[in-house]
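Here's the letter readout for the chains.
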Amino acid sequence: MIVAIFAPRIAAAGWLVAFVFWSQIPIGSLLLMMIHRLTGGRWGEALYPAFAPAARLVPLLFLLIVPVFIAIPVLDPWSHRSGDVKPDVLSYYLNTPFFIGRSLIAIAGWSVLAFLLPRTTGRHGQFVAAVGLVFHCVVISVVAVAVDWVLSLEPPFISSSFGASMAITQLIAALAWAALRAPQAAEVTGDVGGLLLAFVLGITYVNFMAFLVMWYGDLPSKLFWFVERDAWVPLAAAAFVFASAVPILALLLARVRNGIRQLRAVAISVLAGLAFYYAYLIVPPFGARALGAAALAVIVLGLIVAALAGRPISAASLPSPRPLPTPPPPAGEGRVGGGG
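In short, a report on the structure.

**Some details on the overall build of the protein**
Point 1. Secondary structure assignment for the protein yields 17 helices and zero strands.
Point 2. The buried share of the protein, reckoned over its 340 residues, is 50%.
Point 3. Considering only residue pairs separated by 6 or more positions, the protein has 81% of its internal contacts joining residues 24 or more positions apart.
Point 4. Accessible surface, the protein: about 16100 Å² in total, of which carbon and sulfur atoms supply 70%.

**What about empty space enclosed by the protein?**
Point 1. Taken as a whole and assessed by the stated rule, the structure comprises two cavities of 30 Å³ or more.
Point 2. Trp-22, Ser-23, Pro-26, Leu-57, Leu-60, Leu-61, Leu-64 and Val-305 are the residues that line the largest cavity.
Point 3. At the level of elements, helix 2 (8–39) and helix 4 (61–64) are the ones that each hand at least two residues to the lining of the largest cavity.
Point 4. Looking at the lining of the largest cavity residue by residue, the classes come out as seven nonpolar, one polar and no charged.
Point 5. The space that makes up the second largest cavity amounts to roughly 30 Å³.

**Regarding the pattern of salt bridges**
Here the idea is simple: oppositely charged side chains can pair when their charged atoms come close.
Point 1. Evaluated as defined, the whole model comprises four salt bridges.
Point 2. We note a salt bridge from Arg-102 to Asp-148, for which the minimum N-O separation is 2.6 Å. With a gap of 46 residues between them, Arg-102 in helix 8 (residues 96–116) and Asp-148 in helix 10 (residues 145–149) connect regions that are remote in the sequence. Take Arg-102 and Asp-148: they sit in the same class, and that class is buried.
Point 3. A network of salt bridges, in which partner residues are shared, links Glu-154, Glu-228 and Arg-229.

About the thresholds
- Residues numbered from 1 in each chain as written.
- Predicted model: local features only at pLDDT ≥ 70, side-chain atom pairs only at ≥ 80, totals over all residues.
- Heavy atoms only, no water.
- Helix = DSSP H or I, 4+ residues; strand = E, 2+ residues; numbered from the N terminus.
- Buried < 20%, exposed > 50% of the residue type's maximum accessible area, 1.4 Å probe, protein only.
- Contact = heavy atoms within 4.5 Å.
- Areas by Shrake-Rupley, 256 points an atom, 1.4 Å probe, with all protein chains shown as cover.
- 1 Å grid on protein atoms, 1.4 Å probe; cavity = no way out; pocket = protein on both sides within 12 Å on 5 of 7 lines; lining within 4 Å.
- Points joined across faces, edges and corners; volume = space filled by probe spheres on them.
- Nonpolar A, V, L, I, M, F, W, Y, C, P; charged D, E, K, R; others polar.
- Salt bridge = Lys/Arg side-chain N within 4 Å of Asp/Glu carboxyl O.

Shown next as structure tokens:
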């Protein structure tokens, strides 16, 4: 509160880092629940006691994003000066009412899905999950929540891959959280380790290719973003080490993928790396003091999330979604080794 009074811009940047980082867990948990509803698998059933309470926090984002809305004049340069932003972009896209509307539509849609998904089963549940995944793809890319919450801080910089990058980090954060919190995680350690390895490899590839294309494209509208972060290389290095290098090297080892203690250590490393990652994306335009505000805000919001979703609930108390029954084999096919 004191920081917000005397340095509102610094406090707003710190809160935005914490909001974006901690929003990954409820949204990612909802995504993984929808994916599991369509694909099935033991991993989703074992991690459901951690996914469900986290997904129920999605409506909390309505409250947590209010400081971001209030701070638009000090966070987003397009709100009071055009700079290099085209006038038609300001008129039809980067304006305060539309910015707020896009965010509220996204949170409202996720909240509806978080309410409906545990309460629907069978084909109706699969339909909700399918529609929900399509909605998320539209929101994260076309409606551009990812661009609004992060990239709009420094127009005219834009990245067409950032929506996919943010979606993958949501999956990674939720899976790491569930690995730490689900009491049944030990039963599917190998599956969770394999999924986490795949997601981390995916985000590493997407981000590296985006950097490679933008850097060698040598466009001033892209390069200024990287030049501004020359002094923040240690933060980028920490994000890479904790969120990519350590998890990949560790999860390549079978004993790590199949050991619950080792997997939880990797999950902690991943979450720390994602916090560094979003600090690297958001903090540099606001100066070094914003890094301290971000650390404080991450801790405060973390305590709130831990209090509301940190305690897993028993699977027996939840309408845990089950995949549809396996259809019977076609006529004439018998079991292997069976008599004719």
